[in-house]
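# Geometric and topological summary
Residue strings, one per chain:
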Amino acid sequence: MKSNQIFKLLILVVLALAGCKKANIDVDTTAVDGSAIGEVSGVWAKGSTQVIKGDIVIPEGKTLTIEEGVTVLMDTVAKPEIIIKGNLYALGTAENPIRFTVNEFYKTSSKKFGKLWGGILAGQTCEELVLDHVILEYAGSTTSDASTSVKMGLYKARAGENLPALWFANANGKLVVQNSIFRNLQEDCTYIDGGKIIFANNVFYTTGVTGGEAMNFKSGCLADVAYNLVYSTNTNALKLSNTGDKTPQAYIIAYNNTMVNTGWRRPTAKGGSIWLESTVRADLYNNLFANTRFGVKRDPKKPEDSRSAYSNNWYYGFDQATVNQFQPTGDIVGGKNDVISNVAGANDPKFVNYPLNTAVTNADFNTAWDFHLQGNSPALGKGTTNFIRHYQAGITMKNGITYSSPSPSTFVGAYGTKI
């Protein structure tokens, strides 16, 4: 009798477990947390947290899709690198961005320039990479002989290099970075060695200790760069170069960007706002320079392509020293219909909320600042729309999504008036 009761009890337990298993099939398991090291592909599901314990690799021919709201938490001891040999689509939303970050415990003022993990490194076999509504922060660690990137010959392929937060190196590949934030980084935010590229509606701040650009484009890049806000990069907001002599020649169309306080923390020849060199072709329209060190500056020993075009850019300097550096000379570029005064305080763009007397060496960004233009801003209506951009028809990815570079505006800078 006793054994019969035990048997019945076992049957009940089995049935209960079977019922639980069946019920779990119907449960919403969208947010599936996980940890990763080594090869990865597939989908990181909406709202999940993925803990990266060491270097990860998306293999050639494979794809990783990261859905909205995912937190990618990097181990600060291992300082992982994310190596992309296949494709990566990080598809966040305004309400639920994707975060490549570290534990909150490490986000201290002493670590505000990152160096707590490697970066996203896309090699020559990466065909497509999309970062849409992504926050990328606290990256830029130093490579060693043990680094996967060094062993694979990626980036500069040597030990002792501070990694960029994002590196892309396929001149035949497609790269879209939009609606994203790059912050708290050691050196370059991005270092791009070729591709069909859109950089639009991004924000860059608190980046660069002894060097580093927000957007660093090399030979092989055909890029539209628009509506980006760059605050106090150590060096330039944009470094544009044809170094490497790849095909195609680097041709960058940069328009409606706002640059504030850039270049002052690296007071050398290359520290400024936009740097041109090595036969790069650059078309620059409707850009707003506020208290930046220099405006558009060329390397007179390796000047830009003579077909480059500049017009309708706007310059503001709070003090006379800043204004003096804007004045066109042999290596300071002036453009058609540019607004450049020789008097301190002239051409105030009238930002909604930003104290124009903020120290130019300040690297800390106040998220309450608002770089929209007031309704009486003289920079409204001073832009041009009379130019052709690379990707008006868009860049179509294998996942069926088409990304188009945004249309230019008649206001100057990244933001018009608030709607």
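Residues numbered from 1 in each chain as written. Predicted model: local features only at pLDDT ≥ 70, side-chain atom pairs only at ≥ 80, totals over all residues. Heavy atoms only, no water.

## Brief notes about the nonpolar core
Counting residues in each nonpolar core, the largest one holds 66 residues, and the members touching the most others are Leu129, Leu131, Leu136, Phe199 and Phe217. Those residues within four positions of Leu136 in sequence are excluded, and the remaining contacts are Phe100, Trp117, Ile120, Leu131, Ala165, Ile181, Phe182, Arg183 and Leu185. Grouped together as the second largest cluster of nonpolar side chains are 26 residues, Tyr205, Ile253, Val260 and Trp369 included. (Core = buried A, V, L, I, M, F, W, Y, C linked by side-chain atoms within 4.5 Å. Buried < 20%, exposed > 50% of the residue type's maximum accessible area, 1.4 Å probe, protein only. Contact = heavy atoms within 4.5 Å.)

## Quick look at the pairing of strand S14 (residues 181–185)
Of all five residues that make up S14, four are buried, and the element is covered over most of its length. Bridge analysis of strand S11 (residues 134–137) against S14 gives three bridges, and the strand direction is parallel. Bridged to Glu137 within S14 is Arg183. The pairing of S14 with strand S17 (residues 203–207) spans four bridges and is classified as parallel. Paired with Phe182 across the bridge in S17 is Phe204. (Helix = DSSP H or I, 4+ residues; strand = E, 2+ residues; numbered from the N terminus. Pairing = 2+ DSSP bridges.)

## Notes on the confidence of the model for the protein
Looking at the protein as a whole, the pLDDT averages 92, with 93% of positions reaching at least 70. Per-element averaging of pLDDT across the protein places helix H1 (residues 2–25) at the bottom with 38 and strand S22 (residues 251–255) at the top with 99. In this model residues 1–30 is a low-confidence stretch, pLDDT under 50, and it forms two contacts with partners more than four residues away in sequence or in other chains. (pLDDT = per-residue confidence, 0-100.)

## What about the side chain of Arg293?
Take Arg293: it is sitting in the loop between strand S26 (288–290) and strand S27 (296–298). The charged side chain of Arg293 is buried without a salt bridge, its nearest counter-charge being Asp331 at 9.4 Å. A polar side-chain atom of Arg293 sits 2.7 Å from the main-chain carbonyl oxygen of Thr268. Here Gly271 takes part through its backbone oxygen, which lies 2.8 Å from a polar atom of the side chain of Arg293. (Lys, Arg positive; Asp, Glu negative; His and termini not counted. Salt bridge = Lys/Arg side-chain N within 4 Å of Asp/Glu carboxyl O. Polar contact = N/O pair within 3.5 Å; in protein donor to acceptor, adjacent residues only side chain to side chain.)

## Some points on the environment of Val40
Structurally, Val40 is set in the loop between strand S1 (34–39) and strand S2 (42–44). On a C-alpha basis, the gap between Val40 and Gly153 in space is 20 Å, while along the polypeptide they are 113 residues apart. Residue contacts for Val40: discarding those within four places in its chain leaves Ile56, Val57, Ile58, Pro59 and Leu64.

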